[in-house]
Amino acid sequence: MLEETLVLFKNIRNPDYDKSLAAYKKSGGYKSLKKVFAMKPEDVVQEVKESGIRGRGGAGFPTGLKWSFMAKGTGKPSYLVANADESEPGTCKDRELMLKDPHLFLEGMLIGCYAIGCHHGYIYVRGEFFPSIKILNDAVDELYVDGLLGPDPLGSGFNLDLTIHTGAGAYICGEESALLDSLEGKRGQPRVKPPFPAVSGFNGCPTSVNNVETLACMPFILSDGGVDAFKSFGPQNNSGTHLVSLSGHVNRPGVYELRMDVNMKDIIYDIGGGILNGKKLKGVIPGGSSSPVMKADEIDVLYNFDDLAKVGTMMGSAAIMVFDEDTDIVKLLHRITRFYAHESCGQCTPCREGTQWSKQIVRDFLSGNGSDEKLKRLDRVGGNMLGTSLCALGDAAAMPIQSFINKFPEDFRKYYATA
Amino acid sequence: MPIFHIDGEPVEFEPGEKIISAALRCGKVIPHYCYHPGMSVVATCRMCLVDVIDLGNGRPAPKLQTACSMDAAEGMKIETLNKKVEEGRKLVNEFLLVNHPLDCPICDQSGECALQDYAFEYGSGKSEMDYSKRVSGWRDIGTFVALERNRCIQCSRCDRFTREITGTNEFGMFNRGHELTVDTYADRPMTNKFQGNMADICPVGAITEKEFRFKRRVWKLKKNRSICTGCSTGCNVTIEHDRNEIFRLKPHENQSVNKWWMCDEGRLTYRMMNERKTRIHQPLGRVDGKLEGISWEDAYGAIAERVGDMSPLPQEVLALTDTHASNEELFLLKKLLKDIFSADNIFCPLPTWEQYESDFFINTLITSDKTPNRAGALALKIKGDTKTAKLKKAIEGDLKVVFVLGNPFEAELEVQEKLKRAQLVVHLGLFHNSWSEIADVVLPGQYYSEKEGTYTNKNQRVQATEIAVQALRRTRPEWQILTELSQALGKTGFFTSVPQVFNAMSWEVKAFSGLSYESLGGIGKELTQKAKDTGMKVVRAQT
């Protein structure tokens, strides 16, 4: 029986834990912060680098490296922005953390701020997460009362303020530069890179944007012996535990904390308890709706960044969506294309026109107007979006289209062959 | 300067310069819609894709890159014409045309439309889009430009223009995704004074000038370089005309004067250029107290005869001019007085004027001095207004001959009343006005668009204009009238062209020394000896 490895969920899996500051401190919370305050910020970044942690938001960029890229000596303030705009379809891990153990995340946030020399951190929370916003606000209030935020926490001489900012409901604001635009009060639209946020981010100042889960790993990494323990949880370059959001046609959907050397088949059949109603598996979307789909016979693979990349897909935000043999692939693709057509910011051409056009073509199949020609055209429109757009949304919209057509062409043909 | 290669040709660049700007400077055209050298880079149209086959470190870029957002680097090699790039441009163009109404036959941009040009170059000629197109409709956004949103390709140039160039922020992008469109905020009409530029920078027909709408197809227009004479800034323009009628003025890039812009007021000066009704069509002479049409020879003959009869003393001769006259005309008028009458009584109105100071460059384009050549008059040492004692003294005494160029002191009835008494009043001008009422001989001149000339702008930069349209048949350019007049009055030596006059001027007048007509080139040249006080008063622009 495969079991969870509890690092982030250590408190959450404890039924008596009440997420208050007192409870968090009782379970050993804010000890790492105390240790960090005694270190030099460069050493903190070095430790994070050594732990090999890769960003949990989807791109998997090494966090330590990101922090070390922060422009120094510019005379401008540095900022840490926590990306809590979790909106990739199928993903619900950050919400769990914020709802059930906000202080774990906040301690990570404090450590991150200290490491990059940020004196005013921002938490950009998805606008629809009303309970999370309230819980985070309460937790921040608790920290101010306790003296961990504000001037001179724990006698460190390091001043820190935190502001919680709520988004207005755009998927694209989960992209770091669009998030920063939104935070500045502008339209949330991705910016041209370079310059990267580490050079010119929030209000033109060096900024690091990090995922909630990434920051929540920090207290563990910076605890005594944390780096080595963290590295031991997975194969090389894929260290640590991570939160997997398992959803779809499985018996036990949910968010699970797993090591990175776990087989995806075991996640579905063991942790997830197999397919709902004893049906057969048809396919899996392994990392949020943007990742290329996998067929039932392809899932015997280790669930981490590198192994999934090797088989032509990606782990993304670690959201596994399982669908059984009765699933209508065209309807599923229609749902996904509708999502991207709705959420494209519209500034760049391939994504603005391509998402809408592909949605219309998929709808044609559903209404019985499909044809071989249209299938080819859908594949072409998807392909034209791939790699030509300004940000990753164009790619995210294109990859499911191409992989669905590639892996399940029969499902599309069924629609027009019988009609 | 460091060097990188475009299609095998070496191109110099400044560190930090984008590929597209270095390429455009060297005459390499990379198709683009959203990029504009005067505004921030957004890289959203994706048209300027290039293939970077060597990043400068021996490795190629993984995919096509946008030339507008990528910094040029030493040793970089890019290709702009290979198969991969062509495919990339083709697909971007296909996406842009998916929702474009293709109403070129009734669109004023047709013929100068980037989308049309690139569709011809890269488009497949057929559409695979078989759904109804997006309809956003037109919006009334103000008096100067019209907005037809269906044609919009969402390049956001107009949005950036009001944000970064005028700072007025009245225009923006609305909705998102496929519905993304442009509009003014809260349905308010636009208020900035530079709206015409939005029509210029719009790469398609979404924003067009209301003045020009449905007037003429652009490929019929002939173009001539000139400057705007609406104020003393002297923005560089192209006069666009067809069949001797001027249809519009478009700004011409000159980084030292107006960059890429001009104001709406300046654009409207084209109307005056087409004015015919109030123009003086032929030389007029006063016969029995009434002005009657005469020939040029008779006009010159009559003036010469009267002057010969009077043989006036230097203090009995006076010339008045306004600062609409070109440098050459002012020079020749002054020379005429000096050579024929040994006189130096030449006056023009030179009130103080206001120059706006602003955080946004474009606001500094409008000055309160609505004449194009005030600094030229200063350089030629033509001074004074009614308040100066010298002019008052000159008109106190007995005047025999008065030359009036243009329409100076038009509101000074006192001056006009006194000059009526002069025995011979010669008026050189274009329009019937209070001076032609009292003149004994009227010599019809020509408008800016009809003659050559140079003008000195507020920053004392000398700029030349070209002949754009044919003048009225029996008029002559003022420089020619003045040189013919001085010949009729007994001067030998004759100028046959404006460059000749200019070069004589640069020889004789200190301020113009070192300049030659040829050296002005397309963008003009500043005076070598500048006047320190040009009467400028700097005021803060109202926003």
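How each quantity is defined
- Throughout, a residue's number is its position along its own chain's written sequence, starting from 1.
- Each chain takes a letter, starting from A, and each ligand takes a number, starting from 1, following the order in which they are written.
- Confidence filtering applies because this is a predicted model: local features only for residues at pLDDT of at least 70, side-chain atom pairs given and counted only at 80 or more, and all residues used for totals across whole chains, interfaces and linings.
- Here the side-chain values reflect all heavy atoms present in the structure, with hydrogen atoms and water set aside.
- What counts as a helix is a DSSP run of H or I of at least four residues, what counts as a strand is a run of E of at least two, and both are numbered from the N terminus.
- Both definitions apply: the radius of gyration is a C-alpha atom measure, and the globule rule equals 2.2 Å times residues to the power 0.38.
- We call two residues contacting when some pair of their heavy atoms lies within 4.5 Å.
- The protein chains shown are the only cover counted for residues, whose accessible areas, like all others here, come from Shrake-Rupley with a 1.4 Å probe.
- The charge count includes Lys and Arg as positive and Asp and Glu as negative, but it does not include His or the ends of the chains.
- Just so you know, the charge point we use is NZ for Lys, CZ for Arg, CG for Asp and CD for Glu.
- Defined in terms of a 1.4 Å probe, buried area is the accessible area two parts forfeit on being brought together, summed over both.
- Salt-bridge detection follows one rule: a side-chain nitrogen of Lys or Arg within 4 Å of a carboxyl oxygen of Asp or Glu.
- Any pair of nitrogen or oxygen atoms within 3.5 Å is treated as a polar contact; in protein, a donor-acceptor pairing is required on top of that, and neighbouring residues in sequence qualify only through side-chain atoms on both sides.
- Charged residues are taken to be Asp, Glu, Lys and Arg, nonpolar residues to be Ala, Val, Leu, Ile, Met, Phe, Trp, Tyr, Cys and Pro, and polar residues to be all remaining types, Gly included.
- With a 1.4 Å probe rolled over the protein chains alone, any residue whose accessible area is under 20% of its type maximum counts as buried; one over 50% counts as exposed, and the rest are partly exposed.
- For every residue, the predictor reports its confidence as pLDDT, a number between 0 and 100.
- A pair of strands is treated as paired once DSSP finds two or more bridges between them.
- In this scheme Phe, Tyr and Trp rings, the latter by its six-membered ring, pair at centre separations within 6.5 Å, and the angle between planes marks the pair as stacked below 30 degrees, edge-to-face above 60, and tilted otherwise.
- Any Lys NZ or Arg CZ found within 6 Å of a ring centre and within 35 degrees of that ring's normal is scored as a charge over the ring.
- Each axis is a line fitted through C-alpha atoms, taken for helices only over the stretch in contact, and angles between the N-to-C directions span 0 to 180 degrees.
- Orientation is classified from the angle alone, with under 35 degrees giving roughly parallel, over 145 giving roughly antiparallel, 65 to 115 giving roughly perpendicular, and any other angle giving oblique.
- By definition, any crossing whose near helix is turned counterclockwise from its far helix by less than a right angle is left-handed, and any crossing with a clockwise turn is right-handed.
- Grouping buried Ala, Val, Leu, Ile, Met, Phe, Trp, Tyr and Cys residues that are joined through side-chain atoms within 4.5 Å yields what is termed a nonpolar core.
- By definition, no residue in a patch forms a salt bridge, and every one has over 30% relative accessible area; like charges are joined within 9 Å, nonpolar side chains (Val, Leu, Ile, Met, Phe, Trp, Tyr) within 5 Å.

To continue, consider the overall build of chain A. If you tally the helices and strands in chain A, you get 17 helices and nine strands. A compact globule built from 419 residues should have a C-alpha radius of gyration of about 22 Å, and chain A, at 22 Å, falls within 12% of that. Principal axes of the C-alpha set define a box for chain A whose edges measure 75 × 50 × 35 Å. Considering only contacts within chain A whose residues lie at least 6 apart along the sequence, 69% involve residues at least 24 apart. Element-wise, carbon and sulfur atoms account for 51% of the exposed surface of chain A, whose accessible area totals about 15800 Å². Side chains of chain A give 46 positive and 51 negative charges; the mean places of these two sets differ by 4 Å.

Attention now goes to the interface of chain B and chain A. Listed as interface residues are 30 residues of chain B and, on the opposing side, 31 residues of chain A. Summed over both partners, the interface of chain B with chain A buries about 2700 Å², with 51% contributed by carbon and sulfur atoms. When residues of chain B are sorted by the area they lose upon contact with chain A, Phe95(B), Tyr131(B) and Arg176(B) head the list and together hold 29% of the total. Residue Glu128(B) pairs with Arg377(A) through a salt bridge whose shortest N-O separation is 3.3 Å. Remark: the boundary between chain B and chain A carries 20 residue pairs in polar contact (both at pLDDT 80 or more). Elements with a minimum of two residues in the side of chain B that touches chain A: α2 (83-98) and β8 (171-174) of chain B. Residue contributions to the side of chain B that touches chain A peak at six residues, all from α2(B). Residues belonging to the side of chain B that touches chain A are distributed by class as follows: 15 nonpolar, eight polar and seven charged.

Residue and element names in this part refer to chain B. Residue position: Pro 499 is located in helix α15 (residues 498-508). Classification of Pro 499 as buried rests on a relative accessible area of 19%. Setting aside anything within four residues of it in sequence, one finds Pro 499 in contact with Tyr 517 and Glu 518.

Moving on, we come to the confidence of the model for chain B. Confidence in the prediction of chain B, expressed as mean pLDDT, is 92, and 99% of residues score 70 or more. Interface confidence for the predicted complex, expressed as ipTM, amounts to 0.90; the pTM equals 0.92.

Between side chains of opposite charge, a pair can form when the charged atoms approach closely. Tallying each qualifying case throughout the model produces 71 salt bridges over all chains. Taking the shortest distance from any N to any O, the salt bridge between Glu353(A) and Arg352(A) comes out at 3.1 Å. Across the pair, Arg352(A) and Glu353(A) agree in class, each one buried. One salt bridge connects Lys418(B) with Glu414(B), and the closest N-O pair in it is separated by 3.8 Å.

All names here are of chain B. Taken in spatial order, the five strands line up as β2-β1-β5-β3-β4 in an open sheet, and their pairing is mixed. Only two strands of the sheet have a single neighbouring strand rather than two, namely β2 (9-12) and β4 (65-66). Relative to β4, strand β3 (residues 49-54) is paired through two bridges, and the arrangement is antiparallel. Of the residues in β4, the one forming a bridge with Val 50 is Gln 65.

Another aspect to go through is unusual backbone geometry. Looking along the chain, the bond that leaves Lys193(A) and enters Pro194(A) is cis, with omega of -5 degrees. By secondary structure assignment, the location of Pro194(A) is in the loop between α8 (176-183) and β4 (207-211). Residue Pro195(A) follows Pro194(A) across a cis peptide bond; omega there is 0 degrees. The backbone of Arg46(B) sits at a positive phi, close to 65 degrees, despite the residue not being glycine. Tracing the backbone through its elements, the reader meets Arg46(B) in the loop between α1 (19-25) and β3. Unlike most non-glycine residues, Lys381(B) shows phi in positive territory, near 60 degrees. Position of Lys381(B) among the secondary structure elements: in the loop between α10 (374-379) and α11 (389-396).

As enumerated under the stated definition, the model contains 31 aromatic pairs over all chains in all. Seen in terms of ring centroids, Phe339(A) and Tyr340(A) are 5.1 Å apart; in terms of plane orientation they differ by 80 degrees. Their pairing is edge-to-face. Looking at Phe339(A), the relative accessible area reads 17%, which means it is buried. Relative accessible area serves as the criterion here: at 1%, Tyr340(A) is assigned to the buried category. What links up through ring pairs into an aromatic cluster is the set Phe431(B), Tyr447(B), Tyr448(B) and Tyr455(B). If you follow Arg248(B) out to its NZ or CZ, it ends over the ring of Phe212(B), 4.4 Å from the centre.

Residues and elements named next belong to chain A. Where helix α5 (residues 93-100) contacts helix α7 (residues 130-146), the two axes come as close as 8 Å, and the packing angle between them is 40 degrees. Here α5 lies oblique to α7, going by the angle between them. Classified by chirality, the crossing of α7 by α5 is left-handed. Taking contact as the criterion, the partners of Arg 95, Met 98 and Leu 99 in α5 are, on α7, Pro 131, Ser 132, Ile 135 and Leu 136. Grouping the constituent residues of the contact of α5 with α7 by class yields five nonpolar, one polar and one charged.

This next bit is on the sheet that holds strand β22 (residues 453-456) of chain B. Residues and elements named next belong to chain B. Taken together, three strands build an open sheet; the order of strands is β22-β23-β24 and the sheet is antiparallel. Of all strands in the sheet, those with a lone pairing partner are β22 and β24 (525-526), marking the two edges. Pairing of β22 with strand β23 (residues 461-465) involves four bridges; the strand directions are antiparallel. Opposite Thr 456, over in β23, you have Val 462 as the bridge partner. Most of the contacts of helix α9 (residues 327-341) go to β22, to which it runs at about 95 degrees, and overall it touches β22 and β23.

Another aspect to go through is the side chain of Ser232(B). Mapped onto the secondary structure, Ser232(B) falls in the loop between β11 (222-227) and β12 (236-242). The residues touching Ser232(B), leaving out its near neighbours within four places in the chain, are Trp353(B), Thr367(B), Asp369(B), Thr371(B), Pro372(B), Asn457(B) and Lys458(B).

Time to look at the side chain of Ser69(B). With respect to the helices and strands, the residue Ser69(B) is situated in the loop between β4 and β5 (77-79). Take Ser69(B): its relative accessible area is 10%, and that puts it in the buried class. Not counting residues up to four positions away in its chain, the partners in contact with Ser69(B) are Val192(A), Lys18(B), Val41(B) and Ala43(B).

For the rest of this paragraph, the subject is α8(A). All names here are of chain A. Burial of α8 is extensive: eight of the eight residues sit out of reach of the surface. If you check which residues of α8 are buried, you get Glu 176, Ser 177, Ala 178, Leu 179, Leu 180, Asp 181, Ser 182 and Leu 183. Looking at the buried positions of α8, the neighbouring elements they touch are α4 (63-68), β1 (79-84), β2 (120-125), β3 (161-166) and β4. Positive backbone phi, at 95 degrees, marks Gly 185, one or two positions downstream of α8.

Among the nonpolar cores identified, the biggest contains 138 residues, and Phe412(A), Phe4(B) and Tyr33(B) are the most heavily contacted of them. If one sorts the elements of this core by residue count, helix α16 (residues 393-407) of chain A sits on top with seven residues. Once residues within four sequence positions are removed from consideration, Phe412(A) is found in contact with Ile329(A), Val330(A), Leu333(A), Phe365(A), Leu375(A), Leu378(A), Phe404(A) and Ile405(A). Counting residues in each nonpolar core, the second largest holds 60 residues, with Ile111(A), Ile164(A), Cys217(A) and Ile221(A) among its members.

Quick reminder: α-helices carry 3.6 residues per turn. Residues three or four places apart thus point the same way. Residues and elements named next belong to chain B. In terms of residue burial, helix α14 (residues 478-488) counts as a mostly covered element, since eight of its 11 residues are buried. Among the residues of α14, Glu 478, Trp 479, Ile 481, Leu 482, Thr 483, Glu 484, Leu 485 and Ser 486 are the ones counted as buried. Taken together, the buried residues of α14 touch α8 (296-310), α9, β19 (401-405), β20 (424-429), β21 (441-444) and α15. Within two residues after α14, Gly 490 carries a phi angle of roughly 110 degrees, on the positive side.

For the rest of this paragraph, the subject is a negative patch on the surface. All names here are of chain B. Negative charge collects at one region of the surface, where Glu 86, Glu 87, Asp 117 and Glu 121 lie side by side. When residues of the negative patch are traced back to their parent elements, those giving at least two are α2 and α3 (114-122). Locating Glu 86 in the fold gives a position in helix α2. The class of Glu 86 is partly exposed, set by a relative accessible area of 41%.

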